[in-house]
Amino acid sequence: MQQPQWWWCAVKKWGYLVSRLLWAGVATWVILTITFVLMEFTPNAQYAQLQFSAAQSGGDPEQALETAKRLRGDTGTLWAQYTEFLSNIVSGNWGWSTYRSQPVTEALATAIPWSMMYGVPSLIISTVLGMTIGLYSALNQYSREDYAATLFAFMGISIPNFWFAIILLVFFGTVLNWVPILFDTGVAQNAAGNLTLGGVFSLANLRQLILPVVVLTTGSIASLMRYSRAEALEYVEADFVKTARAKGVSDRMIVLKHILRPASIPLATLLVGDLLGIIFVGSYLVEVVFGIPGLGTLSYNAIINQDTALVFGTIFVPTFIAIVGNLAQDLSYAYLDPRISFGDDE
Amino acid sequence: MSADGDDAPGGDSGVRTDGAGEDVVSSNRRTFEDIDWTAIEADSRRVPPLTALWWGLLTVLVSGLLFDAYWRFAPEIPDVPVLGLLARETGGAFSFPVVGVITPLTWLYALTLLFVVFKAIVPLVRDRRMTMYYWREFRKNRLAVLSLVWLAVIFAIGTVGPLFLNTPKVAPLEAYQPPVFMSVDSGVPVSCVGETINGRCHGTWEHPFGTTAQGKDILVSVIYGMKISMQVGLIGSFLVILVASAVGLLAAYSRGWMDEILMRYVDIQITFPTFFLYLLVTFMFGGSLFNMIVIFGLFGWGGIARIVRSEALQRREEEYVLASENTGAGTWSVIRRHLLPNVSNSVITAVSLLIPSLILFEAALAFLGLGDPTIPSWGEVIASGRRDLDRAVWISTLPGIFLFFTILAFNFVGDALRDALDPRNVGGES
């Protein structure tokens, strides 16, 4: 068969990239629309409360509702509300948090660094360690170390994050007294309450971040180990690896060039997609247990306090990151894997 | 292999005609003419008792469920016609004779168990040969066998226990009782139920797992938690199987724009982080256990629908399907007789790995206080002991052990099922 022209390949590749970009946009729009519909069809607890208190104090509940709606901009036709909702989201006006008495975006901005403080180290550790152990397991399949790693992976997947966090807190906090039980935000902040670089990397702050990192890493490292083991196993017995061995290529080179390279493509995509999900869900519960004032705690408190705008804001962040992660996954696939077809049948 | 031993299941009577016919085919080869087709046709029209029982029970359950739903909601919706005998003023549950009020959750659970019995256990019992084969494959994984025993015990206790035990009551005077064989400083419990020796309160068999800060018995809570976890796992995955197979098969069969729309929707649903979706919907619609399970069922099927679709697309092109289509089998019969049975192995495997995540989600939501406040679940008990870690460790740790081992057991069983059920997966691994 004749090879297609190079420019045709480029056109197809760009077409693929553009279609993925468009698709991410469509996905965002659909999710926002669904959210709007959900918000529209659920009774607003704040309105109900307002009406209730108006009726109690002898006012007219209907009028109180009207005023509240006008204040929040909930007036006009459904279409007008919908377009306003969308333009607000796009322009970064995510509403007012009643519980924090500040704009939702500001509350998010103060919370996210706290989540990153243990999320990023955990992401790096679980990636490096998980891939290494998985690769080792695949190369020594059915060895004692492989069984141990598999067992550990099953434990890691199965252990409930929040319960594990509690157990660790009991053991290292209460019994051994090595780490503080209560999370102290002060050690990472200056007198004005802003995060400082020295504070974040101070010993006291690092010490209280150890357990969250450990808990979060157990869950994500386990699934990464499983995946990288399965991926690497596909290439351990591949013909080109056998050929390389027969030619006398050193073990190191075989692992790095012939096994890790092809296996890393699906793994790289897994990293953004699945791992981010595990980290976000894990961080939600971990923060609540440890009392870290990050995104998870913010969302949790918003739910407890019926702060609808903040609840949506805190849920939008991981959702958008998931969409962007998926997009990055598709794009990286296009660049990393020369075998991908920029699909007529995609 | 003789023709006698290889008859199609259920078709052995009526195939043999008479003595004369037997003589003709003494070499065990039967030709088209040897078979008494009228007898077979008469036989195929007779409904086997088990099938009759299945349809009978299904009809009873579904009509009961519809009637109960009608009784509950009809008076609240203005436009529903209220039929003569059923005319009534107020909403609320119908009290059935003998069993009394049946909750929506119980209806769903009964339906789920009916499906498990008739679509999993009965075929396994009937087809001994395949069952033994699967069992031999499954048995290779000793941890999985152990896990299966653990799950069976949890299921049995969780089903029987709540029938005899009342939900744990708040008893402030019996707060912080330590579990049996354990002792705490006698300052911790309000009053020690057991013996106090040397200033330490010892646990008693009255509360084998101790009590919470409210004086609720933890063992009873744990037993109720078993029921809840099983219900979440089984009903949730039952709903997922229903929706996923319907969507997957529909997409595979219709192709074209229907396929496109369904699969693009699945893309979006999968993009949305499941846990946050559950969190959002539970926040908006309230976290009764029924709501939670329905949400799990309605939003958790994306991955499995993809599996069903791709498997069904492959199977459709296979020769036995083409052959049956050529002999005039309709779409529905092809789906029911060829596609569904062949897709089911992949679905069962995927679902057995979905169950632990559903249980974990329920526990996490209950832990966050978004669960059902009326029913004690593992996550809720773990949360209730979070403030008392320094003096009453058992409150959070004991239910967590059950949660951990149940999830672990489901993961082991799912892994072994994948090895046993999936013939393509020879010697390999995940």
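Residues numbered from 1 in each chain as written. Chains lettered and ligands numbered in written order. Predicted model: local features only at pLDDT ≥ 70, side-chain atom pairs only at ≥ 80, totals over all residues. Heavy atoms only, no water.

Now for the nonpolar core. With 165 residues, the main nonpolar core has Phe 162 of chain A together with Phe 275, Leu 279, Ile 304 and Leu 368 of chain B as its most contacted residues. The element that contributes the greatest number of residues to this core is helix 7 (residues 218–254) of chain B, accounting for 17 residues. Built from parts of two domains, this core gets at least three residues from each of domain 1 (8–96) and domain 2 (102–336) of chain A. Once residues within four sequence positions are removed from consideration, Phe 275 of chain B is found in contact with Val 281 and Tyr 284 of chain A together with Phe 361, Ala 364, Leu 365 and Leu 368 of chain B. (Core = buried A, V, L, I, M, F, W, Y, C linked by side-chain atoms within 4.5 Å. Buried < 20%, exposed > 50% of the residue type's maximum accessible area, 1.4 Å probe, protein only. Helix = DSSP H or I, 4+ residues; strand = E, 2+ residues; numbered from the N terminus. Domains from an automatic or database assignment. Contact = heavy atoms within 4.5 Å.)

Attention now goes to the environment of Thr 211 of chain B. All names here are of chain B. Along the chain, Thr 211 turns up in the loop between strand 5 (200–202) and helix 7. Separated by 33 residues in sequence, Thr 211 and Pro 178 place their C-alpha atoms 6.8 Å apart. Once residues within four sequence positions are removed from consideration, Thr 211 is found in contact with Glu 174, Ala 175, Tyr 176, Gln 177, Lys 216, Asp 217, Ile 218, Trp 394 and Ile 395.

Residues and elements named next belong to chain A. Packing of helix 5 (residues 104–139) against helix 9 (residues 203–236) brings their axes to within 5 Å, and their N-to-C directions diverge by 35 degrees. Taken as a pair, helix 5 and helix 9 cross one another with a handedness that is right-handed. Split into classes, the residues belonging to the contact of helix 5 with helix 9 amount to 21 nonpolar, 11 polar and 1 charged. (Axes fitted to C-alpha atoms, helices over the stretch in contact; angles between N-to-C directions. Left-handed = near helix turned anticlockwise from the far one by under 90°. Nonpolar A, V, L, I, M, F, W, Y, C, P; charged D, E, K, R; others polar.)

On to the domain arrangement of chain A. Residue and element names in this part refer to chain A. Segmentation of chain A into domains returns domain 1 (8–96) and domain 2 (102–336). Counting residues at the interface gives 20 residues for domain 1 and 21 residues for domain 2. Summed over both partners, the interface of domain 1 with domain 2 comes to about 1,900 Å²; 75% of that surface belongs to carbon and sulfur atoms. Taken together, the links from domain 1 to domain 2 amount to 0 residue pairs in polar contact (both at pLDDT 80 or more). Secondary structure elements with two or more residues in the side of domain 1 that touches domain 2: helix 1 (6–41), helix 2 (45–56) and helix 4 (78–90). The dominant element in the side of domain 1 that touches domain 2, judged by the number of residues it contributes, is helix 1, at 12 residues. Among the residues making up the side of domain 1 that touches domain 2, the classes are represented as 13 nonpolar, 5 polar and 2 charged. (Buried area = accessible area lost by both parts, 1.4 Å probe. Polar contact = N/O pair within 3.5 Å; in protein donor to acceptor, adjacent residues only side chain to side chain.)

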